[in-house]
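If you want the building blocks of each chain, they are given just below.
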Amino acid sequence: MNAPDSSSGLGALARAQRQAQLVQALQAVLPEHALLWHSEDVTPYECDGLTAYRQRPLAVALPETEAQVQAILKTCHDLGVPVVARGAGTGLSGGAMPLADGLTLSLAKFNQILQIDPRSRTAVVQAGVRNLAISEAAAPYNLYYAPDPSSQIACTIGGNVAENSGGVHCLKYGLTVHNVLKVRGFTVAGEPIELGSDALDVPGYDLLSVYIGSEGMLAVTLEVTVRLVPKPRLARCIMASFDDVRQAGDAVAAVIAAGIIPAGLEMMDKPMTAAVEDFVHAGYDLNAAAILLCESDGTQEEVEEEIARMSEVLRAAGATAITVSRDEAERLRYWSGRKNAFPASGRMAPDYMCMDSTIPRKRLADILHAIQEMEKKYGLSCLNVFHAGDGNLHPLILFDANDPDQLHRCELFGADILETSVAMGGTVTGEHGVGVEKLNSMCVQFSREENEQMLGVKRAFDPKGLLNPGKVIPTHNRCAEYGKMLVRGGKISHPDLPRF
């Protein structure tokens, strides 16, 4: 149902001719080792972290200089060839999936940290620098980069900008958009572009905020200036157990209502804690229906006071057990479990699809109960982990992509989660992006006019529609067809959602 239309409209002969034309043109601007086009060479680029959908591009370019990137974009623009920029390929919504008639532009070689400025607390890095590498480079200055997606050991800052990534500490320190000062790169026509500034503000429209989270549709990012923050003197983490998921969900809302903003506030249900504990032995309570991880950081006095306040709120909300990390090793072990939720789930089935909707915090228990009913409806298991503090859900649906029926049921399951989230007052994505995975669900949340407005922003940057086309914003025809399919299938949308 959510599968992209990966056909290029080109027959085998026409595609071969198109490929030959592109390769010949790019060979004039790239060294031989920086261009791949044979089937066995481009296969590793056929998908990102959403492995259910795959497509081989005409070619893959691996430039090493900005001049080469500019030449690639100008060449593709002149030829009318679509371009999909790619970082580490850790995305989970198919945002970096290639196009059959397009070029994949890998920025893996743009992996240099250009400057660490401890006085201004900033770092200037190339787009291919790993998220965690920024903090490692800033560590000698007692600074770090706050957004910490679970994939931070591998994901790149360029990809983080594309998806507006968050992480387990985004509740207190913000998403990528709150931690980036400036981006620099090229438009699809190869024209230099710079958004934001080294100052706190910039004259004119705030195009930086429009750009971050645009999923590679507006321009190609080559360089990013990020904020750095001081390392806290101390951090401690509470593991709170609950024998009822509703009490756990209510406890999240109670912590925020008490005026406490934890450094991190995460929730996992019983199936997820079992999967994680078997994988990393984090010390989780396997008898709990749900656990919360609540972290406090700051000075010793601040942490002690906040830990005491949070413990009091959690007990009042019905926590059956509260354990506080005794040292840094135990704190890191608690978080290693949470950050390994995805690989732990990968051991449970041949494939999983990780959804990424958001809901109001007070509806956490409601969505969990709804997902449990969906498990019965679609005959598939689902493990749940939440950025509970900001209501960002990550249900992981287990299935076998080699079974077309399981894949179809998984797609229906995922769409049901997203539609239910919107009906509860949430959105179809929090930090993983829309990509190709949630195109139909965008039809559910946004009207034809709203989608057209978003397309208008894209046209302002990319009039020919060559950067990552067919992703993120559905066409009116697609939404109309999706509506007809729901009618044929007897599935009626929630009454408070937009009609098609």
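Our structure is the block above this text.
Residues numbered from 1 in each chain as written. Predicted model: local features only at pLDDT ≥ 70, side-chain atom pairs only at ≥ 80, totals over all residues. Heavy atoms only, no water.

Caption draft 1: Spotlight on a nonpolar patch on the surface. Side chains of Tyr-205, Leu-207, Val-210 and Val-457 sit close together on the surface and give an oily, nonpolar patch of about 390 Å² of accessible area. For Leu-207, the location among the structural elements is in helix H7 (residues 207–211). (Patch = residues over 30% accessible without salt bridge, like charges linked within 9 Å, V, L, I, M, F, W, Y side chains within 5 Å. Areas by Shrake-Rupley, 256 points an atom, 1.4 Å probe, with all protein chains shown as cover. Salt bridge = Lys/Arg side-chain N within 4 Å of Asp/Glu carboxyl O. Helix = DSSP H or I, 4+ residues; strand = E, 2+ residues; numbered from the N terminus.)

Caption draft 2: Focus on the pattern of salt bridges. Taken as a whole and judged by the stated rule, the model has 23 salt bridges. Residues participating in the shared-partner salt-bridge network are Glu-46, Arg-54 and Arg-56.

Caption draft 3: Seen up close, the side chain of Ser-325. Summarising the element assignment, Ser-325 is placed in the loop between strand E15 (321–324) and helix H11 (328–339). Judged by its relative accessible area of 1%, Ser-325 falls in the buried class. In this structure Ser-325 touches Arg-236, Cys-237, Glu-330, Arg-331 and Tyr-334, once residues within four positions along its chain are discounted. (Buried < 20%, exposed > 50% of the residue type's maximum accessible area, 1.4 Å probe, protein only. Contact = heavy atoms within 4.5 Å.)

Caption draft 4: Expanded view of empty space enclosed by the protein. Going through the model one piece at a time under the given rule, you end up with one cavity of 30 Å³ or more. Gly-49, Leu-50, Thr-51, Ala-52, Asp-351, Tyr-352, Phe-399 and Ala-401 together form the lining of the largest cavity. Class assignment of the residues belonging to the lining of the largest cavity gives a composition of five nonpolar, two polar and one charged. (1 Å grid on protein atoms, 1.4 Å probe; cavity = no way out; pocket = protein on both sides within 12 Å on 5 of 7 lines; lining within 4 Å. Points joined across faces, edges and corners; volume = space filled by probe spheres on them. Nonpolar A, V, L, I, M, F, W, Y, C, P; charged D, E, K, R; others polar.)

Caption draft 5: Just the packing of helix H8 (residues 245–257) against helix H13 (residues 364–378), in detail. Where H8 contacts H13, the two axes come as close as 7 Å, and the packing angle between them is 150°. On H13, the residues touching Val-245, Arg-246, Gly-249 and Val-252 of H8 are Leu-364, Ala-365, Asp-366, Leu-368 and His-369. Taken together, the residues that form the contact of H8 with H13 break down as five nonpolar, two polar and two charged. (Axes fitted to C-alpha atoms, helices over the stretch in contact; angles between N-to-C directions.)

Caption draft 6: Geometry of the layout of surface pockets. Of the volumes computed, that of the largest pocket is approximately 920 Å³. Residue lining of the largest pocket: 46 residues in total, with Thr-90, Gly-91, Cys-155, Gly-159 and Glu-163 positioned closest to the centre. Those elements that provide at least two residues to the lining of the largest pocket are strand E3 (83–86), helix H5 (157–163), strand E10 (220–227), H11 and helix H12 (341–346). Partitioning the lining of the largest pocket into residue classes produces 18 nonpolar, 21 polar and seven charged.

Caption draft 7: A look at the side chain of Arg-331. Here Arg-331 shows up in helix H11. A polar contact of 2.9 Å, which involves the side chain of Arg-331, links it to the side chain of Glu-295. For Arg-331, the residues in contact, after removing those within four places along its chain, are Ala-235, Arg-236, Cys-237, Glu-295 and Ser-325. (Polar contact = N/O pair within 3.5 Å; in protein donor to acceptor, adjacent residues only side chain to side chain.)

Caption draft 8: Representation of the state of the cysteines within the structure. Scanning the entire structure with this criterion turns up one disulfide. Two residues, Cys-443 and Cys-479, share a disulfide whose sulfurs are 2.1 Å apart. Measuring handedness by torsion sign, the sulfur bridge of Cys-443 and Cys-479 sits at about -85° and is left-handed. One end of the pair, Cys-443, is in helix H15 (residues 439–445); the other, Cys-479, is in helix H17 (residues 476–488), with 36 residues separating them in the sequence. Take Cys-443: its relative accessible area is 2%, and that puts it in the buried class. For Cys-479, a relative accessible area of 10% translates into the label buried. (Disulfide = S-S within 2.5 Å.)

Caption draft 9: Spatial organisation of the sheet that holds strand E4 (residues 103–106). With mixed pairing, four strands are arranged side by side in an open sheet as E1-E2-E4-E3. The strands lining the two open edges of the sheet, one partner per strand, are strand E1 (35–36) and E3. Inspection of the sheet shows strand E2 (residues 59–61) paired to E4 by three bridges, in the parallel sense. The partner of Ala-61 across the bridge, within E4, is Leu-105. (Pairing = 2+ DSSP bridges.)

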